[in-house]
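# Structure assessment
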Amino acid sequence: VLVEGQGKRLKIVQANSHATSLGVRLGMPLGAAQILGELTVLSRNERAESRALERLCAWAYQFTPVISAAPPDGLLLEIKGSLTLFGGVGELLGQVRRGLRELGHKAVIAIAPTPAAATVLARAEQPCTILSEQELPNALGPLPLEALRLEPKQLAILKSIGARSIEDCLRLPRSGLGRRTAPKLVESFSRLLGQSPDPRPRFKLPKVFQSSLELPWETSNAQSLSVAGGRLLHELTGYLRSCAALTRRLRWSLNYVAGHTAHFQLELTQPSRQHAHFALLLREQLSRTQLDGKIKGMALYVDDISPEQIAAAGDLFKRQPASGGEGWPSFLDRLRARLGEQAVRGLQKVADHRPECAWRWSLPSQANAAAST
């Protein structure tokens, strides 16, 4: 179970299937829940939640540049301008759902004309698509007041006058409701229905990628680390698509239970943002890395980011290489990850009149670079 609060006021905010099978319910005091059976108790980490939300904003930037966080558990994406690019609502939502599953997240997605309405519908677990503001009262009306996440004092006042749903509140006179509660509450209903503007701060994409993952249990198994690293790589590829960029260097960190941290990096022969290629190189690297203890977490940092270059159109009759085969840059990357950085090298010219000094070893990606002085 996941709990929040302090001292004797700890209450359950999340529970897995085993806990619910014992009779544990959300909102239940921890003391009452522990009577039902043996439970593993985890404390809510709001700072980690905030960081995860920021990383999801960066990942979702590939779908629209207009993104806002709705703490503690929501994302707001303005998708009207992206529908044509992605082929309609259905195709766009399909890509979002697949991506969130790959990242290990469960989500409820709702579409509405106003950000407040979309947030309320999603938090009430009402996945729907509403395209007109005229449909909002009917869609929002049956929802309980708890879906608004009001302050406890405001919620108590509304219930004291007999309001149990959003529809009950919409029937009340606005002036009287404002006097009994607060003008801000009346304004929130206006924003909910699109009768007042509701500007939200936009998320700004960071210039570097940085993400970490705390493992659910300590491990020294390379395959388990590869699976965990794959989630970080899904975040990275989403970020690179958002930037329309590529990278040739991935910096990894492994955090040991003993307290020390090991670092390694993957160098690519050619810039890329292919998740499958990144994951293959990570598996090869971890398979030959000597792990000297249990690992509790891992992190990925990428600052070598370059804009994607669109190749100019060439000869229309130029013969294209056969598809399906592995390209030579990917083959070299795989060899270097498996055998080590120094096992595969290239030759680079050096401007020197002495033949024995007119060359030097280099990385494969630099083998065809211009001669240096």
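Residues numbered from 1 in each chain as written. Predicted model: local features only at pLDDT ≥ 70, side-chain atom pairs only at ≥ 80, totals over all residues. Heavy atoms only, no water.

## What to know about the overall build of the protein
Looking only at helices and strands, the protein features 14 helices and 12 strands. Rg of the C-alpha trace for the protein: 27 Å, well past the compact-globule value of 21 Å for 373 residues, more than 25% over. If you line up the protein on its principal axes, its C-alpha atoms span 95 × 55 × 35 Å. The buried share among the 373 residues of the protein stands at 36%. Sequence separation of at least 24 residues holds for 52% of the intrachain contacts in the protein that already meet a minimum separation of 6. Accessible surface for the protein amounts to roughly 22,700 Å². Of this, 52% is attributable to carbon and sulfur atoms. (Helix = DSSP H or I, 4+ residues; strand = E, 2+ residues; numbered from the N terminus. Rg over C-alpha atoms; globule rule 2.2 N^0.38 Å. Buried < 20%, exposed > 50% of the residue type's maximum accessible area, 1.4 Å probe, protein only. Contact = heavy atoms within 4.5 Å. Areas by Shrake-Rupley, 256 points an atom, 1.4 Å probe, with all protein chains shown as cover.)

## Looking at the pairing of strand β4 (residues 67-70)
As paired elements, β4 and strand β5 (residues 74-77) share four bridges and run antiparallel to each other. Bridged to Ala69 within β5 is Leu75. Two successive antiparallel strands, β4 and β5, enclose a turn made up of three residues. (Pairing = 2+ DSSP bridges.)

## What about the side chain of Asp198?
Mapped onto the fold, Asp198 is located in the loop between α11 (183-192) and β6 (209-219). At 2.9 Å, the side chain of Asp198 forms a polar contact with the side chain of Arg200. Ignoring any residue separated from it by four or fewer positions in sequence, one finds Asp198 in contact with Pro115, Ala116 and Arg191. (Polar contact = N/O pair within 3.5 Å; in protein donor to acceptor, adjacent residues only side chain to side chain.)

## Observations regarding unusual backbone geometry
Following Pro71, the chain continues into Pro72 via a peptide bond in cis, with omega recorded as 5°. Inspection of the secondary structure assignment puts Pro72 in the loop between β4 and β5. Positive phi, close to 55°, is recorded for Glu125, a residue that is not glycine. Note on placement: Glu125 falls in the loop between α6 (115-123) and α7 (136-140). By relative accessible area, Glu125 is classed as exposed at 57%. Look at Ala244: it is not a glycine, yet its phi comes out positive at around 50°.

## Quick look at the packing of helix α12 (residues 222-243) against helix α13 (residues 275-287)
Two elements in contact, α12 and α13, have axes whose closest approach is 9 Å; the angle formed by their N-to-C orientations is 150°. By the angle class used here, α12 and α13 are roughly antiparallel. Every pair of crossing elements has a handedness; the one defined by α12 and α13 is right-handed. On the side of α12, the interface is formed by Ala222, Leu225, Ser226, Gly229, Gly230, Leu233, His234, Leu236, Thr237 and Leu240, while α13 contributes His275, Phe278, Ala279, Leu282, Arg283 and Leu286. In terms of residue class, the contact of α12 with α13 is made up of nine nonpolar, six polar and one charged. (Axes fitted to C-alpha atoms, helices over the stretch in contact; angles between N-to-C directions. Parallel < 35°, antiparallel > 145°, perpendicular 65-115°, else oblique. Left-handed = near helix turned anticlockwise from the far one by under 90°. Nonpolar A, V, L, I, M, F, W, Y, C, P; charged D, E, K, R; others polar.)

## A short note on the packing of helix α3 (residues 46-60) against α12
Viewed as axis vectors pointing N to C, α3 and α12 meet at an angle of 50°, and their least axial separation amounts to 7 Å. Relative to α12, the element α3 lies oblique. On α12, the residues touching Arg55, Ala58 and Trp59 of α3 are His234, Glu235, Gly238, Tyr239 and Ser242. Of the residues belonging to the contact of α3 with α12, the class tally is three nonpolar, three polar and two charged.

## What about the pairing of strand β2 (residues 11-14)?
When strand β1 (residues 2-4) meets β2, the two strands line up antiparallel, connected through three bridges. From the neighbouring strand, Leu2 faces β2, where its bridge partner is Gln14. As consecutive antiparallel partners, β1 and β2 are separated by six residues, and within that stretch Gly5 has a phi angle of approximately 115°, a positive value.

## Some details on the packing of aromatic side chains
Going through the model one piece at a time under the given rule, you end up with five aromatic pairs. On the basis of an interplanar angle of 70° and a centroid distance of 5.4 Å, the ring pair of Trp59 and Phe63 is categorised as edge-to-face. Pair check on accessibility: Trp59 and Phe63 agree, each one buried. Their ring planes at 15° and their centres at 6.5 Å tell us that Trp252 and Phe264 sit as a pair that is stacked. On the criterion of sequence distance, the pair formed by Trp252 in strand β7 (residues 245-256) and Phe264 in strand β8 (residues 261-272) is long-range, its members being 12 residues apart. Neither Trp252 nor Phe264 differs from the other in exposure class; each is buried. The rings of Trp59, Phe63 and Phe86 are connected pair by pair, giving a single aromatic cluster. (Phe/Tyr/Trp six-rings, centres within 6.5 Å; stacked < 30°, edge-to-face > 60°.)

## Looking at the environment of Val208
With respect to the helices and strands, Val208 occurs in the loop between α11 and β6. Spatially, the C-alpha atom of Val208 lies 40 Å from that of Ala19, the residues being 189 residues apart in sequence. If sequence neighbours within four positions are ignored, Val208 has contacts with Tyr239, Tyr301, Val302, Asp303 and Ile305.

## Notes on the pattern of salt bridges
What the rule picks out here adds up to 14 salt bridges. Of the charged contacts, one joins Arg171 and Glu167 as a salt bridge, the two residues approaching to 2.9 Å between their closest N and O atoms. Separated by four residues within a single helix, Arg171 and Glu167 lie in helix α9 (residues 166-171), roughly one turn from each other. The network of salt bridges with shared partners includes Glu4, Arg44 and Glu49. (Salt bridge = Lys/Arg side-chain N within 4 Å of Asp/Glu carboxyl O.)

## What about the side chain of Thr64?
Along the chain, the position of Thr64 falls in the loop between α3 and β4. In this structure Thr64 comes out as buried when scored by relative accessible area, which is 2%. Engagement of the side chain of Thr64 in a polar contact is seen with the backbone nitrogen of Val66, the distance being 3.2 Å. At 2.7 Å, the side chain of Thr64 forms a polar contact with the backbone oxygen of Glu78.

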